[in-house]
Amino acid sequence: MIIAVDGPTASGKGTIAKALAAHFGLPYLDTGLLYRAVGRQTQLSGGDPDNQDDAVAACRFNNILLHDPSLRSEEVGGLASRVSVHPAVRAALFEKQRAFAEQPGGALLDGRDIGTVIAPEADVKLFITASVQERARRRWLEMQGREIEIPLAVIEQDVAARDARDINRKDAPLKAAPDALVMDTTSFDRDQAIEAAIEAVSNRLER
Ligand code: DC
């Protein structure tokens, strides 16, 4: 069984994806981390994330980088969004994601294009979303927890800019697959979102 979870930044898709993977006993891949590693490696190599050749060279990052806490930062999220517009970067990361999706026993992947490009044959596709304001608020709270002081308005701008780049890129843009279940988590807390997602997936599997 393959479960695809897509959605914009800070929609809650990572939290939901991890909970679904644990509930249904599936191995989990956060595909955003791969793009974050490419963004960070481009920076470490002194390359330009907007230059396709520099970003493609960075796709040969050492897997140890995937465990680097810096990958979780806002800055690296922005770099990831920039390198992810290059078709050759997406092609370079395709096989890794495909192999994960095809493993015996199934898998759960989260990202932007899992239900549309990486695993269009997925048994269940969820598209998780929430308003820009609410996603910015969640990110701001998370940063407060890490004692990082950034004004909410700046985060809101960043979230909107990231959405625009992810939605408007030509290759594999962020969008719900036609057969995806769309879940808006704006008014849900963490537990409600997880519960609703488990129920939605269970219902879909019963059909
Ligand atoms: O999910 P995330 O915030 O870690 O993703 C960071 C960036 O990586 C996101 O802004 C766009 C890109 N990305 C992508 O293009 N395709 C994916 N499947 C996952 C992430």
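Structure's up top.
Undergrad: Can you walk me through the overall build of the protein chain in this structure?
TA: Across its full length, the protein chain holds nine helices and five strands. Listing every helix and strand of the protein chain by position from the N terminus yields β-α-β-α-α-α-α-β-α-β-α-α-β-α. Since a compact globule built from 207 residues should have a radius of gyration of about 17 Å, the 16 Å found for the protein chain is in line with a globular shape. Classification of the 207 residues of the protein chain by burial places 46% in the buried group. Long-range contacts, defined as pairs at least 24 residues apart, comprise 77% of the intrachain contacts of the protein chain with a sequence gap of at least 6. In the form shown here, the protein chain has an accessible surface area of approximately 10000 Å², with 53% of it arising from carbon and sulfur atoms. Computing the positive centroid from 25 side-chain charges and the negative centroid from 31, the protein chain places the two 2 Å apart.

Undergrad: I'm lost on the pattern of salt bridges in this one. Help?
TA: For side chains of opposite charge, pairing can occur when their charged atoms come near one another. In the structure shown here, the tally under the stated rule is 15 salt bridges. For the salt bridge of Glu 74 with Arg 139, the shortest nitrogen-to-oxygen distance reads 3.1 Å. With a gap of 65 residues between them, Glu 74 in helix H4 (residues 74–83) and Arg 139 in helix H7 (residues 132–145) connect regions that are remote in the sequence. The residues Glu 74 and Arg 139 share a single accessibility class, namely buried. For Arg 98, the salt bridge is made with Glu 121, and the minimal N-O distance between the two is 2.8 Å. Of the two residues, Arg 98 sits in helix H5 (residues 87–101) while Glu 121 sits in the loop between helix H6 (114–118) and strand S4 (124–129), which places them 23 residues apart along the sequence. For Arg 98, a relative accessible area of 15% puts it in the buried group. Each of Arg 98, Glu 102 and Glu 121 takes part in salt bridges that share partners, so that together they form one network.

Undergrad: Could you clarify how one ought to interpret the site of the ligand in this entry?
TA: Around the ligand there are 15 residues in total, and Arg 36, Arg 90, Arg 112, Asp 166 and Arg 169 lie nearest to it. In the environment of the ligand, an oxygen atom lies 2.9 Å from a nitrogen or oxygen atom belonging to the side chain of Arg 169. When the free accessible area of the ligand is taken as 450 Å², the share hidden by the protein chains comes to 96%. Listing elements by their share of the shell around the ligand, those giving two or more residues are helix H2 (32–44), H4 and helix H8 (152–168). Residue contributions to the shell around the ligand peak at three residues, all from H2.

Undergrad: Explain the environment of Ala 177 to me, please; I cannot follow it from the model alone.
TA: Turning to its location among the elements, Ala 177 is positioned in the loop between H8 and strand S5 (181–184). Considered as a pair, Ala 177 and Gly 12 are 165 residues apart in the sequence and their alpha carbons are 18 Å apart. Ignoring any residue separated from it by four or fewer positions in sequence, one finds Ala 177 in contact with Gly 115, Thr 116 and Lys 125.

Undergrad: What exactly am I supposed to notice about the side chain of Asp 166 here?
TA: Following the sequence through the fold, Asp 166 ends up in helix H8. Of note is the side chain of Asp 166, whose polar atom sits 3.0 Å from the side chain of Ser 81. Each residue touching Asp 166, except ones within four places of it in the same chain, is listed here: Ser 81, Ser 84, Arg 112, Pro 173 and Leu 174.

Parameters and conventions
Residues numbered from 1 in each chain as written. Predicted model: local features only at pLDDT ≥ 70, side-chain atom pairs only at ≥ 80, totals over all residues. Heavy atoms only, no water. Helix = DSSP H or I, 4+ residues; strand = E, 2+ residues; numbered from the N terminus. Rg over C-alpha atoms; globule rule 2.2 N^0.38 Å. Buried < 20%, exposed > 50% of the residue type's maximum accessible area, 1.4 Å probe, protein only. Contact = heavy atoms within 4.5 Å. Areas by Shrake-Rupley, 256 points an atom, 1.4 Å probe, with all protein chains shown as cover. Lys, Arg positive; Asp, Glu negative; His and termini not counted. Charge placed at Lys NZ, Arg CZ, Asp CG, Glu CD. Salt bridge = Lys/Arg side-chain N within 4 Å of Asp/Glu carboxyl O. Near = heavy atom within 4 Å. Polar contact = N/O pair within 3.5 Å; in protein donor to acceptor, adjacent residues only side chain to side chain.

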